[in-house]
Amino acid sequence: MSHTVESMSTATTGGGPGLPQERRLVTEIPGPRSREMFARKQSAVPAGIGTTLPVFVTHAGGGVVVDADGNSLIDFGSGIAVTNVGNAAPRVVERVSRQVADFTHTCFMVTPYESYVEVCEKLNELTPGDHEKRTFLVNSGAEAVENAVKVARHATGRQAVVVFDHGYHGRTLLTMTLTAKNMPYKHRFGPFAPEVYRAPLAYPFRWPTGPDNCADEAAAQTIEMIDKQIGAENVAAVVIEPIAGEGGFIVPARGFLPKIVEFCRANGIVFIADEVQTGFARTGDLFACADEGIVPDIICTAKGIAGGLPLAAVTGRADLLDAVHVGGLGGTYGGNPLACEAALGVLETIEQDGLVERARHIGEIMLPRLRAIQERTPIVGDVRGRGAMIAVELVTPGTGEPYPAAEIARRCHAEGLLVLTAGTYGNVLRFLPPLVIPDHLLNEGLTILEKVLSEV
Ligand SMILES: Cc1ncc(COP(=O)(O)O)c(C=O)c1O
């Protein structure tokens, strides 16, 4: 049985910002059409592909996602930090539509095209640091991180890679190995890649001796681990997210990242910033590293780069990236022309619509309201994040033990608010609204959240 978009949807407009910016519930969530399609999904797609909210989408744009039953949900997820410029953003739609009629693929390694080079030039210019850089394009965040490690190993002639507690870097063999959490990412998928070592992350809320000591102690423990267990001269790269995403939006204690960078510089270790989730204005800077003036040797980007088209990038010091022999990097689809046009549309939109400032504005609305909720609601243990990358960590009152976030997320979904969960302990609600969400939807979403949390 097949359904056309028209038969599945009651919406008459297209997607994008023209969609009515309203929460509208016309059925229970999920509604009958979504439930019907979910049953088909279960017969056709393996159970391993999970579903956060089983509504089937027909349109999305601005701050809403519209489902097949005609419900319009407030979007606090952006498809996991991807649609920073909004779904079907006009400049992205226009550029991609033009490109799709011209040509869809040649493979950049066979016969190149200008848009790929232009994306690379822009990333070389916009990423932190004014040193000479190179960029190459791949398809996913995992592929970017995996390639960054390849480059670092090749350029240094060393093998070891240091990663951190609560880190998430992807689902390929190497990036799954770099990832900290067993369930669901690693469980029974071993054996893992060799020469990966894990260090403590400066996690202020859960640091045993308190947040004030966190940066210094975590950095000292990391450096001691490297010196004693690996030997700094054997370490090719340190890979870290400037704000840990899947791990629970953990903002490392101030001072931790600069100390790690300093140690890397002193020991010829390549510092790789995984900005797959934090990049492209999400945190109120174009890249999160800017907050503490961090200049990575290599920066990995994806997600928000192309408004939903699959694209990722490895940008770094020219001497490192140029060290690799011809043909050592690449892939069939990396830097597909449609995705490159989308990326150029995203970068124009961020700049021309002031989305870095808009992300800060979102944080300025969200953080005070969430902190006020925290004061009245004992299960809210911590409120943290920057810009439009904000989370609350839930705890059991009295004990401080992690309190599961999934049921609370489900109740938000039932009210028409799409939120995501995260955290090593599954006790974090994370908020990643599109940067173009109107204020009234942001505030309405926070009011729903407050109601749900106060009922727990
Ligand atoms: C920090 C970080 N790195 C890497 C990845 C992997 O990206 P992808 O799912 O595009 O492979 C993710 C995805 O969530 C991420 O958040």
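What about the overall build of the protein chain?
For the protein chain, the count of helices and strands is 14 helices and 15 strands. Here the protein chain has a C-alpha radius of gyration of 22 Å; the compact-globule value for 456 residues is 23 Å, and the two agree. Considered along the principal axes of its C-alpha atoms, the protein chain spans approximately 60 × 60 × 45 Å. With 456 residues in all, the protein chain has 54% of them scored as buried.

Comments concerning the pairing of strand E15 (residues 428–431)
The alternating pattern of E15 places Val428 and Arg430 on one face and Leu429 and Phe431 on the opposite face, and all of these are buried. In this sheet, E15 lies alongside strand E12 (residues 389–394) in antiparallel orientation, the contact comprising four bridges. Following the sheet pairing, Ile390 is matched in E15 by Phe431. Bridge count between strand E14 (residues 420–422) and E15: three bridges; the pairing is antiparallel. Residue pairing for E15: Ala422 is matched across the bridge by Val428. Following E14, the chain reverses through five residues before pairing antiparallel with E15; Gly423 in that reversal takes a positive phi of roughly 105 degrees.

Some thoughts on the sheet that holds strand E3 (residues 72–75)
Read across the open sheet, the four strands follow the order E1-E2-E3-E13; overall the sheet is mixed. In this open sheet, the two edge strands, each paired with only one partner strand, are strand E1 (57–61) and strand E13 (417–418). When strand E2 (residues 64–67) meets E3, the two strands line up antiparallel, connected through three bridges. Note that in E3 the partner of Val64 across the bridge is Ile74. On the sheet, helix H14 (residues 439–455) packs against E2, E3 and E13 and is oriented at approximately 90 degrees with respect to E3.

Details of the nonpolar core
A general trend in soluble globular proteins is that nonpolar side chains are found buried together. Core analysis: the largest hydrophobic core is formed by 91 residues, its most contacted members being Ile272, Leu370, Leu429 and Phe431. Both of domain 1 (32–75 + 354–455) and domain 2 (92–352) provide at least three residues apiece to this core. When sequence neighbours within four positions are dropped, the list of residues in contact with Leu370 reads Val383, Ile390, Val392, Phe431, Leu446 and Leu449. Formed by 33 residues, the second largest nonpolar core is a distinct cluster that contains Val162, Ala202, Val235 and Phe263.

Digging into the site of the ligand
Near the ligand you find Ser140, Gly141, Ala142, Tyr168, His169, Gly170, Glu241, Glu246, Asp274, Val276, Gln277 and Lys303, and these make up its full shell. A distance of 3.0 Å separates an oxygen atom of the ligand from a polar side-chain atom of Lys303. Relative to its unbound accessible surface of 390 Å², the ligand loses 82% to contact with the protein.

Considering the layout of surface pockets
Of the voids in this model, the second largest pocket is the one considered here, and its volume is about 410 Å³. Surrounding the second largest pocket, 20 residues form its lining, Tyr116, Thr135, Phe136, Leu329 and Gly330 being those nearest its centre. Counting residues per element, the lining of the second largest pocket draws most heavily on strand E4 (residues 133–138), at four residues. In the lining of the second largest pocket, the residues fall into ten nonpolar, eight polar and two charged.

Regarding the packing of helix H5 (residues 114–126) against helix H11 (residues 337–352)
Their axes nearest at 9 Å, the elements H5 and H11 cross at an angle of 40 degrees. Our classification of the angle between H5 and H11 gives oblique. Here H5 runs over H11; the crossing is left-handed. Between H5 and H11, the contacting residues are Ser115, Tyr116, Glu118, Val119, Lys122 and Leu126 on the first element and Pro337, Cys340, Glu341, Ala343, Leu344 and Leu347 on the second. For the contact of H5 with H11, a count of residues per class yields eight nonpolar, one polar and three charged.

Some points on a negative patch on the surface
Judged by side-chain charge, Glu114, Glu121, Glu125 and Glu351 come together as a negatively charged surface patch. Tallying contributions element by element places H5 first for the negative patch, with three residues. When you line up the elements, Glu125 lands in helix H5. The exposed category is assigned to Glu125, whose relative accessible area is 62%.

Quick notes on the domain arrangement of the protein chain
Taken domain by domain, the protein chain holds domain 1 (32–75 + 354–455) and domain 2 (92–352). Residue-level contacts link 33 residues of domain 1 with 28 residues of domain 2. Counting the surface lost from both domain 1 and domain 2, the interface buries some 2,400 Å², and carbon and sulfur atoms represent 55% of this. For the domain 1 face of the interface with domain 2, the top three residues by lost area are Arg386, Met389 and Thr424, together amounting to 32%. For Glu246, the salt bridge is made with Arg430, and the minimal N-O distance between the two is 3.0 Å. Linking domain 1 to domain 2 there are 21 residue pairs in polar contact (both at pLDDT 80 or more).

What to know about the sheet that holds strand E10 (residues 312–317)
Read from one edge to the other, the open sheet built from seven strands follows the order E4-E10-E9-E8-E7-E5-E6, with strand pairing classed as mixed. Two strands close off the open sheet at either side, each with one partner strand: E4 and strand E6 (196–199). Neighbouring strand axes in the sheet, compared pairwise and without regard to direction, differ in orientation by 20 degrees on average. As paired elements, strand E8 (residues 270–274) and strand E9 (residues 298–301) share three bridges and run parallel to each other. When the sheet's bridge partners are listed, Ile272 is paired in E9 with Ile298.

Reading the values: rules and limits
Residues numbered from 1 in each chain as written. Predicted model: local features only at pLDDT ≥ 70, side-chain atom pairs only at ≥ 80, totals over all residues. Heavy atoms only, no water. Helix = DSSP H or I, 4+ residues; strand = E, 2+ residues; numbered from the N terminus. Rg over C-alpha atoms; globule rule 2.2 N^0.38 Å. Buried < 20%, exposed > 50% of the residue type's maximum accessible area, 1.4 Å probe, protein only. Pairing = 2+ DSSP bridges. Contact = heavy atoms within 4.5 Å. Axes fitted to C-alpha atoms, helices over the stretch in contact; angles between N-to-C directions. Core = buried A, V, L, I, M, F, W, Y, C linked by side-chain atoms within 4.5 Å. Domains from an automatic or database assignment. Near = heavy atom within 4 Å. Polar contact = N/O pair within 3.5 Å; in protein donor to acceptor, adjacent residues only side chain to side chain. Areas by Shrake-Rupley, 256 points an atom, 1.4 Å probe, with all protein chains shown as cover. 1 Å grid on protein atoms, 1.4 Å probe; cavity = no way out; pocket = protein on both sides within 12 Å on 5 of 7 lines; lining within 4 Å. Points joined across faces, edges and corners; volume = space filled by probe spheres on them. Nonpolar A, V, L, I, M, F, W, Y, C, P; charged D, E, K, R; others polar. Parallel < 35°, antiparallel > 145°, perpendicular 65-115°, else oblique. Left-handed = near helix turned anticlockwise from the far one by under 90°. Patch = residues over 30% accessible without salt bridge, like charges linked within 9 Å, V, L, I, M, F, W, Y side chains within 5 Å. Salt bridge = Lys/Arg side-chain N within 4 Å of Asp/Glu carboxyl O. Lys, Arg positive; Asp, Glu negative; His and termini not counted. Charge placed at Lys NZ, Arg CZ, Asp CG, Glu CD. Buried area = accessible area lost by both parts, 1.4 Å probe.

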